[in-house]
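Each chain, written out:
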Amino acid sequence: METSTQTLLFAAELIEENGTHTLIVQDMRRDTIQSTPVPKAMVDKLPVFLSALVAKLHPAPARPRW
């Protein structure tokens, strides 16, 4: 029986404080943290970006034409 092991590579948080958004990404392998301010317009579009990424990585199967 095969077993799988999951390894956390990166952890990300998007924090809002007093109207300012900050993206914090931790590289678990290198034990480093990077942060950057993110404009609200970009935060608002995050669900669209994630949907596009999912669609790109897992495209829907082609439908048969009638």
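So, how was this worked out
Residues numbered from 1 in each chain as written. Predicted model: local features only at pLDDT ≥ 70, side-chain atom pairs only at ≥ 80, totals over all residues. Heavy atoms only, no water. Helix = DSSP H or I, 4+ residues; strand = E, 2+ residues; numbered from the N terminus. Buried < 20%, exposed > 50% of the residue type's maximum accessible area, 1.4 Å probe, protein only. Contact = heavy atoms within 4.5 Å. Salt bridge = Lys/Arg side-chain N within 4 Å of Asp/Glu carboxyl O. Expected span 1.5 Å × (residues − 1). Bend = angle between axes of the 7 residues up to and from the residue. Pairing = 2+ DSSP bridges.

Asker: Break down the environment of R29 for me, with residues and values.
Answerer: Tracing the backbone through its elements, the reader meets R29 in the loop between β2 (20-27) and β3 (32-38). Residue R29 is classed as exposed on the basis of its relative accessible area, which comes to 54%. Expressed as a C-alpha distance, the spacing of R29 and L9, which sit 20 residues apart in the sequence, is 6.2 Å. Setting aside its immediate chain neighbours within four residues, R29 contacts L9 and F10.

Asker: So, the environment of S4: which residues are in play, and what are the values?
Answerer: Looking at where S4 falls in the secondary structure, it is placed in the segment before β1 (10-17). Using a relative accessible area of 69% as the deciding quantity, one classes S4 as exposed. For the pair S4 and G19, spaced 15 residues apart in sequence, the C-alpha to C-alpha distance is 41 Å.

Asker: Before we move on, can you summarise the pattern of salt bridges with the specific residues and values?
Answerer: Under the definition given, this model contains two salt bridges. Two residues, R30 and D27, come together in a salt bridge whose shortest N-O distance is 2.8 Å. Under the relative-accessibility criterion, D27 is labelled buried at 7%. The closest approach of N and O atoms between D44 and K40, which form a salt bridge, is 3.0 Å. Taken together, the positions of D44 and K40, both in helix α1 (residues 40-57) and four residues apart, correspond to about one turn of that helix.

Asker: An account of α1 is needed here, citing residue identities and associated values.
Answerer: Its 18 residues give α1 an end-to-end C-alpha distance of 26 Å, which sits within 8% of 26 Å, the value for a rise of 1.5 Å per residue. At L46, α1 shows its maximal kink, close to 45°; a proline, P47, follows between one and four residues later.

Asker: A description of the pairing of β2 should follow, citing residues and the corresponding values.
Answerer: Judged from the eight bridges that link them, β1 and β2 form a sheet pairing that is antiparallel. Looking at the pairing, A11 lines up with Q26 of β2. Between β1 and β2, which pair antiparallel one after the other, the connecting turn spans two residues, and N18 there sits at a positive phi close to 55°. Looking at chain direction, β2 and β3 are connected through seven bridges and run antiparallel. Among the inter-strand pairings, D27 is bridged to a residue of β3, identified as T32.

That's the geometry; what it means functionally is another story.
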